[in-house]
Amino acid sequence: MSAFETAAAFFHAVESLKGWDGCQQYVAPGATFQAQCEPLVDIKTVEAYCGWMAAVGSGPLEGCTYKVHSASYDESTRTAVFVATFYATHTGDGGPVPPTGKSTVTDYVYALTMNADGKVAAMRKIWNAPWALKEIGWM
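These numbers were taken from a predicted model, which means no experiment stands behind them.

Reading the values: rules and limits
Residues numbered from 1 in each chain as written. Predicted model: local features only at pLDDT ≥ 70, side-chain atom pairs only at ≥ 80, totals over all residues. Heavy atoms only, no water. Pairing = 2+ DSSP bridges. Helix = DSSP H or I, 4+ residues; strand = E, 2+ residues; numbered from the N terminus. Axes fitted to C-alpha atoms, helices over the stretch in contact; angles between N-to-C directions. Core = buried A, V, L, I, M, F, W, Y, C linked by side-chain atoms within 4.5 Å. Buried < 20%, exposed > 50% of the residue type's maximum accessible area, 1.4 Å probe, protein only. Contact = heavy atoms within 4.5 Å. Phe/Tyr/Trp six-rings, centres within 6.5 Å; stacked < 30°, edge-to-face > 60°. Lys NZ or Arg CZ within 6 Å of the ring centre and 35° of its normal. Polar contact = N/O pair within 3.5 Å; in protein donor to acceptor, adjacent residues only side chain to side chain.

Comments concerning the sheet that holds strand 3 (residues 79-89)
- Sheet architecture is open: 5 strands sit in the order 1-5-4-3-2, paired in mixed fashion. Two strands in the sheet have a free side with no partner beyond their single neighbour: strand 1 (27-35) and strand 2 (65-74). If you compare each strand with its neighbour and ignore which way they point, the axes differ by 20 degrees on average.
- The pairing of strand 4 (residues 103-114) with strand 5 (residues 120-127) spans 7 bridges and is antiparallel. Following the sheet pairing, tyrosine 110 is matched in strand 5 by lysine 125.

Quick look at the structure:
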């Protein structure tokens, strides 16, 4: 499997809410996570992010979906980029408030740096979290 194929498999595993058990095969030990958005500021590892996504998607945002708009790979930097839209409605239990019934359509980007073995070594998520949180009634 090429590094880009591994990155794509990882992306879909995360977004399909497979959690760490379904994602770890694509990830290098100690892979780091970074995001400049409020809900994710304390998450520092790819493992923790995979768990967060699975918890949010199987709890307050149960039934969430996503659509990929673009995917690319830069060999010179070993970076895979995925541009997508996340669709969710707060109908499940959990979250900072009781179910609001409100929905969000929010765009985001994953930038995945692959190591020499073709596994995810670092991940950045670019996301306008306040937009999404306001739409679903959490702010």
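A closer look at the pairing of strand 4
- Pairing analysis gives 11 bridges linking strand 3 to strand 4, with the strands arranged antiparallel. Bridge pairing in strand 4 links phenylalanine 86 to threonine 106.
- Between strand 4 and strand 5, which pair antiparallel one after the other, the connecting turn spans 5 residues, and glycine 118 there sits at a positive phi close to 80 degrees.

Quick look at the nonpolar core
- Judged by nonpolar contacts, the single largest core of 39 residues is most densely connected at Phe10, Tyr49, Tyr110 and Leu112.
- Elements with a minimum of two residues in this core: helix 1 (3-15), strand 1, helix 3 (46-58), strand 3, strand 4, strand 5 and helix 4 (129-135).
- The element that contributes the greatest number of residues to this core is helix 1, accounting for 7 residues.
- Sequence-distant contacts of leucine 112, defined by excluding residues within four places in its chain, comprise Ala7, Phe10, Arg78, Thr79, Ala80, Phe82, Val120, Ala122 and Met123.

Some thoughts on the packing of aromatic side chains
- Tallied over the entire structure, the rule returns 11 aromatic pairs.
- Both rings, one in phenylalanine 11 and one in tyrosine 110, keep their centres 5.1 Å apart while their planes meet at 70 degrees; by these two values the pair is edge-to-face. Of the two residues, phenylalanine 11 sits in helix 1 while tyrosine 110 sits in strand 4, which places them 99 residues apart along the sequence.
- On the basis of relative accessible area, phenylalanine 11 is assigned to the buried category, the value being 0%.
- Assessed through its relative accessible area of 0%, tyrosine 110 is described here as buried.
- An aromatic cluster is present here, built from Phe4, Phe11, Phe33, Tyr49, Trp52, Tyr66, Tyr73, Phe82, Tyr108, Tyr110 and Trp127 joined pairwise through their rings.
- Between the NZ or CZ atom of lysine 125 and the centre of the ring of tyrosine 108, over which it lies, the distance is 5.1 Å.
- Seen from the ring of tryptophan 127, lysine 125 lies directly overhead, with NZ or CZ sitting 4.6 Å from the centre.

Observations regarding the side chain of threonine 104
- Along the polypeptide, threonine 104 turns up in strand 4.
- On the basis of relative accessibility, which here comes to 3%, the residue threonine 104 falls in the buried class.
- Side chain to side chain, threonine 104 and glutamate 135 meet in a polar contact 2.5 Å long.
- Dropping the residues within four chain positions of it, threonine 104 is found in contact with Phe86, Tyr87, Ala88, Ala132, Glu135 and Ile136.

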